[in-house]
Every structure is written in structure tokens, then in C-alpha cells.
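These are the residues of each chain, in order.
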Amino acid sequence: MVIGFFMILVDSTIVSVATPAIRDDLATDYNSVIWVTSAYLLAYAVPLLITGRLGDRFGPKRVYLTGLVVFTASSLWCGLTDSVESLIIARVVQGFGASMMTPQTMAVITRTFPAHSRGRAMALWGATAGVATLVGPVLGGVLVDNAGWEWIFIINVPVGLVGFVLAWRLVPRLETHTHRFDWLGVALSAVAMFLIVFGIQEGERYDWGTISGWLSVPLLIATGLVVLAVFVTWQARNRSEPLVPLSLFRDRNFSVSNVAISTVSFSVTAMAFPFMLWTQTVLGYDATQAGLLFVPMALVTAAMAPMVGKMSDRLPPRRLASVGFGTSAIALLGTAWVIAPDTPLWQLLALNAVLGFGNAFLWAPLASTATRNLPLSSAGAGSGVYNTTRQVGAVLGSAAIAAAIAGRLAVHVPQATDAGQGAGAAGGSLPAQLAGPFSDAMSEAIIVPALAFVVGLVVVQFFAAPSHAAPRHAER
């Protein structure tokens, strides 16, 4: 199942490297091509609460396989399209397929592994999440430089076919739980998530002001928050069967894990953009070379994952997550400290390796702690909530880093009036006298995700002490 999960997360980041090539080949403008990524993230994030519940109702294997078919077919559509409008529509379909798959991967782990040994399984899930977000820029750069942007989508087809056959043969059909579908909750959650995610995601594009006429970004977000409040109220009053059982949040560790994973996703998403922008603009690296700087991070995360998974089953989550957040924050602050036009390559590689070490202590402990006490009948709902907060964290990170980059460039490099112009400099020639100020701007921007890791460090101190009650048996 993590084969499909890996594809989903790679597709969240792989397109950013191909954006210039897509813009040029499809003869479109920057604002249009940005929607190739935005449409996918919206269609991915908005339905997660709903698709998580679908897994409880119809079986996680069935929903996962359906989502995998949708995702794989739409990937082929993306690769064969000849217009940006068609590509955006195909990405919406692809994002919806991804939203069907993601909660099921976590729900199957929750329902097939007993709580006392779930950490090792969640380590694989977590390592997949941590590595995939880093692999995207590397793989994207290699494919765009050597095969063309279409292949960042077409490559999903054979992987999707293999993943489908393996899941069909090896993933067990788990018991379904009869649910009355909360259609009002579905509508309210979809509207709230769309307004909030769209507003945050597009805020920087519209300078956090007016979109059209009376419609503005703050109004969209405020309306989304109001609808979200109505949704939560309805979930509390719904005596039948709510879309999101609020009883899940009575488990303090579930609530803490949700907040903590949002800070992880925020930081991992936010740190990549200023780093990639600096390496290509100041150091003169191409997309592939810049992406390869993340290889130590990915390798260390993957190598540490099995060990951390075993520790997750034996040690308190507060201790493991504190190591992860503290180490990750130190690594990013160190990166911000050393960034300069003449920074030695070994320092960047070493700090990225340290960041990979810290990340390995975050994904598995947080995921296994979030699901450890979940009722098996609500595994899909809990997974949907967890993955929704993770994805919203990524959207917040993307918006925050765009604002930070724009603000710091305005201070240090007034010639670049926004982050978009700074990005345009990547791969081009930056005047020598601007290399220092541009480096300072990116250095200060990286402090934003570092501070988010510090927030996560504070949050995980609220984990409850581990229970010594006998673990609940998993489904077999």
C-alpha cells in the first residue's frame, strides 16, 4: 500500500521542478501553470475527511484500489494532454484519486497490526511520507532534464499497475462497519475545507487582498472558519453517526499527534522552496543538482526508520518526538546560519543529513501514537482527520514561506518585488553584488520552518504517559 502512498506524495512536489517546462511547452502564463499544482493539492486535501469514512463503510482495500485506478488513469491523462486547461482538470481527478487512497493506507495498518507492535509498521508508512516529499524534486529534475515534463506523470502508470496487482493479492479484505452517511456533515466539511485551503493556498497570489469585486482572501478564510465551526457543532449534536466522531479527540495523544504532524508537514513543505531557490539562483545549480542535495536527508530518514519504528513500540512518544523536533530545528537553524554565496558543499550535505535524522523520529512515532487507541470501527475516520491536518499543514507551510520569501526579498533585494521574480532568477544569472543579499533573504526565510519545528517540540510535551493496559487485538 505504501507504493501508492509514495506516488501520491511524490506528485505533491514533483511538478514544482517542471513548472517552467510546462509553461513553455503549453504556451501558457505563470498564473495558469501554478494551478497545475494548486488544483491537485485542493482536490487532494478537501475530501480527506469523507474518503477516510468511506473506507470504514465499504472497506479500505476496495476504496484504496478504486482510488489507485483513478490516480493511475488520470496520470496517463496528464502525460498525454496538450493544453494547460486539460492538464488542470486531469490534476483535479488525480488529486481526488489520491484522497481516496491516503486514509486507507493508515487505516489498514491500524486494523491489521496490534497496538503494541504497530510502531514498526508505521515506521515504513512514515519513512515513505518523509522520503517521498524529498524525492519529488530530485526525480522531477532528472525526468524533466532527460525525458520531458510529460514523464513525471507517465511514470506513475507502470508503478500504479504494479501497486494495484500487489494490493489486490496481498492486502486483506477487512470487515466493514455499517454507517449511516452524514450527508450534511459531508457538505459542511467539503465547503469549509475548500474555502480555507483555497484561501490560504492562493493568498500570496492575490497579496492577501481582493480576488474579484467584493470577494477577498480574508473573507474566504473567515467564511471557511465559520462553516467549520458549524460543522463541528453539527458533529457534536448529531446523535446518529457523525462524519467525524468528536470522541476521537478525547484521546489526548490523538489530538496532540494531529497538531504535531501539521507542524512537521508545514516545515518540510516550507524549507524546500527557499533552499532550492538559493542553490539555483546563487550557486548556479540546475534542478537536478539542487534536488540531489536532499539525497542525504532521504537516505538517513529511510535508514533510521526501522530502528525508530522498534523504539516507537517501547519508548514514550514524547521522548522520541522531542529528539525529532529538536534535531530538525537545530539542522534548519544551522542551514540558515551557513547560507552564503561561498558556503562549502559539505556543510549543506551534513546539515541535510542531520535533518533526515530528525525527521526519522517524527513520522512513525506521531502516526503510531495517533492511532494506538483508536476504535477499529473508526480507523478510517481517524486516519482521515490525521491526514487532513497533515495536508493543511503543508498548505499553511507553502503560503507562509511564500510570504516570508517575498518579505525578505523586499528588504534585502528590492529589485525582486516578489518571490515569483526571485524564482525567475533561478537558473539565470544573478548579478554578483546581489548574491549576498539574496542569500541573506533565503537564510532568514528558512527560520520560519525552523520555528515551526520548535512549536512542534513544545506541543509534544503534552503527550500523555503511555498506558500499561493490555493492547487491543488487531483484525486478522
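Source: prediction; values computed, not measured.

Asks: Which residues make up helix H11 (residues 252-281), and what are the values?
Replies: Taking 1.5 Å per residue as the helical rise, H11 with its 30 residues ought to reach 44 Å, and the 45 Å between its terminal C-alpha atoms agrees with that figure. Counting buried positions along H11 yields 25 of 30 residues, so the element is predominantly enclosed.

Asks: How would you explain the side chain of Ser322 if you had to name every residue and give the values?
Replies: Along the polypeptide, Ser322 turns up in helix H14 (residues 317-338). Within polar-contact distance, the side chain of Ser322 engages the side chain of Gln461 at 2.8 Å. In this structure, Ser322 is in contact with Leu457, Val460 and Gln461, ignoring residues within four places of it in sequence.

Asks: An account of the environment of Leu87 is needed here, citing residue identities and associated values.
Replies: One can find Leu87 in helix H5 (residues 84-112). Leu87 gets classed as buried once you look at its relative accessible area, which sits at 0%. Counting along the chain gives 40 residues from Leu87 to Ala127, while the straight-line C-alpha distance between them is 30 Å. Ignoring anything within four residues of it in the chain, the contact list for Leu87 reads Ile22, Leu26, Val36, Cys78, Thr81, Trp149 and Phe153.

Asks: I'd like to hear about the nonpolar core, residue by residue, with values.
Replies: Counting residues in each nonpolar core, the largest one holds 113 residues, and the members touching the most others are Phe325 and Leu366. The element best represented in this core is H11, accounting for 14 residues. With near-sequence residues (within four places) excluded, Leu366 lies in contact with Ser257, Ala260, Ile261, Val264, Ala321, Phe325, Tyr386, Val460 and Phe463. Among the nonpolar cores identified, the runner-up in size contains 14 residues, and Ile196, Leu220, Ile221 and Ala399 belong to it.

Asks: So what about the packing of H11 against H14? Which residues, and what values?
Replies: Two measures define how a pair of helices packs: the angle their axes make with one another and the distance between the axes. Relative to each other, H11 and H14 sit at 20°, their axes nearing to 12 Å. Regarding the angle of H11 to H14, the classification is roughly parallel. Helix-helix and strand crossings are classified by hand; for H11 and H14 the assignment is left-handed. Seen from H11, the contacting residues are Ala260, Thr263, Val264, Met271 and Phe275; seen from H14, they are Phe325, Leu332 and Thr335. Grouping the constituent residues of the contact of H11 with H14 by class yields 6 nonpolar, 2 polar and no charged.

Analysis parameters
- Residues numbered from 1 in each chain as written.
- Predicted model: local features only at pLDDT ≥ 70, side-chain atom pairs only at ≥ 80, totals over all residues.
- Heavy atoms only, no water.
- Helix = DSSP H or I, 4+ residues; strand = E, 2+ residues; numbered from the N terminus.
- Expected span 1.5 Å × (residues − 1).
- Buried < 20%, exposed > 50% of the residue type's maximum accessible area, 1.4 Å probe, protein only.
- Polar contact = N/O pair within 3.5 Å; in protein donor to acceptor, adjacent residues only side chain to side chain.
- Contact = heavy atoms within 4.5 Å.
- Core = buried A, V, L, I, M, F, W, Y, C linked by side-chain atoms within 4.5 Å.
- Axes fitted to C-alpha atoms, helices over the stretch in contact; angles between N-to-C directions.
- Parallel < 35°, antiparallel > 145°, perpendicular 65-115°, else oblique.
- Left-handed = near helix turned anticlockwise from the far one by under 90°.
- Nonpolar A, V, L, I, M, F, W, Y, C, P; charged D, E, K, R; others polar.

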